[in-house]
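# Survey of secondary and tertiary structure
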Amino acid sequence: DTGVSQNPRHKITKRGQNVTFRCDPISEHNRLYWYRQTLGQGPEFLTYFQNEAQLEKSRLLSDRFSAERPKGSFSTLEIQRTEQGDSAMYLCASSLAGEKLFFGSGTQLSVL
Amino acid sequence: DQQVKQNSPSLSVQEGRISILNCDYTNSMFDYFLWYKKYPAEGPTFLISISSIKDKNEDGRFTVFLNKSAKHLSLHIVPSQPGDSAVYFCAGVTGGFKTIFGAGTRLFVKA
């Protein structure tokens, strides 16, 4: 099964620390997305890549957040100086084209 | 701003009966609407979609209806099975890439 892979599955960190998450999309997919989900809410759009180009960022994405997708393959999402409000499930999704997204299992971040 | 709204946090139905999940939207620029299903500890998985120019799409036990004048869509599951118990997210796609999700409805199918 070569679905979307996310690492780590869980991350516990102290407030003020930096964290980095990795997403490996389905290999032939050129589009990659990051979403954030909190309890009782649906996934919330953060950012979108087409190949290596980051084409859109949500206004919700403060400048403590940065995402990269070097060479249009895997992607990383870094959060600097984490805050308790950053605690959430971070979901990565990929697609080839069209409307259907394929999601990974997510990284659950807990900021203490 | 909540562009996609799912006003029922949960729904409980008996096995074999129909499940109807509802969704309202405010953004007239959505090109497609989709339903995703989510089990605990997994990411959402695609279930069924409908183009904004259609009013119905059917796939096995799942049918999605779109009422553009009312800005409302619904997902019908017939017959419901215990394995359908999950959280269902309604979503709209705009600009060819941005998917906006509702808050989800948790479906319980009782055996």
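Residues numbered from 1 in each chain as written. Chains lettered and ligands numbered in written order. Predicted model: local features only at pLDDT ≥ 70, side-chain atom pairs only at ≥ 80, totals over all residues. Heavy atoms only, no water.

For the rest of this paragraph, the subject is the interface of chain A and chain B. Chain A puts 20 residues into the contact, and the matching count from chain B is 19 residues. For the pair chain A and chain B, the two sides together bury roughly 1,600 Å², of which 59% comes from carbon and sulfur. Of all residues in chain A, Pro43(A), Glu99(A) and Phe103(A) bury the most surface against chain B, accounting for 32% of the area lost on that side. Seen at the junction of chain A and chain B, the total is one salt bridge. For Glu56(A), the salt bridge is made with Lys98(B), and the minimal N-O distance between the two is 2.7 Å. For the pair chain A and chain B, the interface holds five residue pairs in polar contact (both at pLDDT 80 or more). (Contact = heavy atoms within 4.5 Å. Buried area = accessible area lost by both parts, 1.4 Å probe. Salt bridge = Lys/Arg side-chain N within 4 Å of Asp/Glu carboxyl O. Polar contact = N/O pair within 3.5 Å; in protein donor to acceptor, adjacent residues only side chain to side chain.)

Residues and elements named next belong to chain B. Within the open sheet, the five strands sit side by side as β1-β3-β8-β7-β6. Their pairing is antiparallel. Strands with a single pairing partner mark the edges of an open sheet, and in this sheet they are β1 (4–5) and β6 (56–59). Relative to strand β8 (residues 72–77), strand β7 (residues 62–67) is paired through six bridges, and the arrangement is antiparallel. Directly across from Val64, in β8, lies its bridge partner Leu75. (Pairing = 2+ DSSP bridges. Helix = DSSP H or I, 4+ residues; strand = E, 2+ residues; numbered from the N terminus.)

Residues and elements named next belong to chain B. A cluster of nonpolar side chains, Ile18, Ile20 and Val78, forms an exposed patch at the surface whose accessible area comes to about 230 Å². Note that Ile18 resides in the loop between β2 (10–14) and β3 (19–25). For Ile18, a relative accessible area of 41% corresponds to the partly exposed category. (Patch = residues over 30% accessible without salt bridge, like charges linked within 9 Å, V, L, I, M, F, W, Y side chains within 5 Å. Areas by Shrake-Rupley, 256 points an atom, 1.4 Å probe, with all protein chains shown as cover. Buried < 20%, exposed > 50% of the residue type's maximum accessible area, 1.4 Å probe, protein only.)

Turning our attention to the side chain of Thr94(B). Inspection of the secondary structure puts Thr94(B) in strand β9 (residues 86–94). Among all residues touching Thr94(B), those that are not within four sequence positions of it are Asn27(B), Met29(B), Phe30(B) and Asp31(B).

All names here are of chain A. Checked against the element boundaries, Tyr90 lands in strand β9 (residues 88–95). Taking the C-alpha atoms as reference, Tyr90 lies 10.0 Å from His10; in sequence the two are 80 residues apart. Residue contacts for Tyr90: discarding those within four places in its chain leaves Gln6, Phe21, Tyr35, Arg36, Leu46, Phe65, Leu77, Ile79, Gly106, Thr107 and Leu109. Within the structure, the side chain of Tyr90 is placed 2.7 Å from the backbone oxygen of Asp86, a separation counted as a polar contact.

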